[in-house]
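Breakdown of the fold
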Amino acid sequence: LYFETGFPLIHGILAITEKLNKRIIVIKGWGINDTSALEKHSNVFIADSAPYDKLLPRVRAVIHHGGIGTTAACLLAEKPFFPCPILYPMGDQSFWSQLSYKHGFALKPLPLKKMTVDLMLRNVAQLTEQESLYKAASAFGKVLQKEDGPQKTVQLIGELYRS
């Protein structure tokens, strides 16, 4: 599992490694700068940053804040995710999280401020076991991978100027 968001529940991360026997990658930021409690655990890898295009294809699933950049990276990597919006209920994080949930490639969003260890354990278990999430994320990812965004943008801008 990969944690992109500032997950303040260090005890939740540790519970996932111990009770669900999962290995976790934590990227510092969004409030998770003090990782000293995690650094001694062999199933937790901590990094200051990581290239999503290299990292996400190698993980089982992702827990993140729900923003469009990370959502797109998850889908390009064909990975389901558990969105935990930090800016809730306003901002784009809630919007993209809800949309992803409705399309079946993400769990129902849970605002970070409402997170508990028990909720995290339940949701991570569901995220890593619910095969329909993987099928939906993979199908959508394959469509995204065929897109040529820059070429499409040039085409649309050209059409605007010809109008």
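Bear in mind the structure is a predicted one, so any value in this text is a computation, not a measurement. (Residues numbered from 1 in each chain as written. Predicted model: local features only at pLDDT ≥ 70, side-chain atom pairs only at ≥ 80, totals over all residues. Heavy atoms only, no water.)

1. Considering the packing of helix 1 (residues 10–19) against helix 5 (residues 117–129)
Look at helix 1 against helix 5: their axes get within 9 Å of each other, and the N-to-C directions meet at 45 degrees. The orientation of helix 1 relative to helix 5 falls into the category oblique. Here helix 1 and helix 5 pass one another in a crossing that is right-handed. Where helix 1 abuts helix 5, its residues H11, G12, A15, I16 and K19 lie against V117, M120, L121 and V124. Across the contact of helix 1 with helix 5, the residue classes break down as six nonpolar, two polar and one charged. (Axes fitted to C-alpha atoms, helices over the stretch in contact; angles between N-to-C directions. Helix = DSSP H or I, 4+ residues; strand = E, 2+ residues; numbered from the N terminus. Parallel < 35°, antiparallel > 145°, perpendicular 65-115°, else oblique. Left-handed = near helix turned anticlockwise from the far one by under 90°. Contact = heavy atoms within 4.5 Å. Nonpolar A, V, L, I, M, F, W, Y, C, P; charged D, E, K, R; others polar.)

2. What to know about helix 6 (residues 131–146)
The end-to-end C-alpha separation of helix 6 is 23 Å, in line with the 22 Å expected for 16 residues at 1.5 Å each. Among all positions of helix 6, only L133, Y134, A136, A137, S138 and G141 are buried. Looking at the buried positions of helix 6, the neighbouring elements they touch are helix 3 (68–76) and helix 5. (Expected span 1.5 Å × (residues − 1). Buried < 20%, exposed > 50% of the residue type's maximum accessible area, 1.4 Å probe, protein only.)

3. Notes on the confidence of the model for the chain
The share of residues in the chain with pLDDT of 70 or more is 92%, and the mean pLDDT across the chain is 89. Of all the helices and strands in the chain, strand 1 (residues 2–3) carries the lowest mean pLDDT, 50, while strand 5 (residues 81–83) carries the highest, 97. (pLDDT = per-residue confidence, 0-100.)

4. Thoughts on the pattern of salt bridges
Any two side chains of opposite charge can pair, on the condition that their charged atoms come close. What the rule picks out here adds up to four salt bridges. One salt bridge in this structure joins K28 and D48, with 3.8 Å as the shortest N-O distance. Here the residue K28 occupies a position in the loop between strand 2 (24–27) and strand 3 (44–47), and D48 occupies one in the loop between strand 3 and helix 2 (52–55), the gap between them amounting to 20 residues. Residue D48 is classed as exposed on the basis of its relative accessible area, which comes to 61%. (Salt bridge = Lys/Arg side-chain N within 4 Å of Asp/Glu carboxyl O.)

5. Topic: the nonpolar core
In summary, soluble globular proteins display a tendency toward joint burial of nonpolar side chains. Residues L38, I63, F82, M120 and L127 are the most contacted members of the largest nonpolar core, which totals 23 residues. Counting residues per element, the ones that place at least two in this core are helix 1, strand 2, helix 5 and helix 6. Tallying contributions element by element places helix 1 first for this core, with five residues. Of all hydrophobic cores here, the second largest spans 16 residues; its members include I25, L56, C74 and A77. (Core = buried A, V, L, I, M, F, W, Y, C linked by side-chain atoms within 4.5 Å.)

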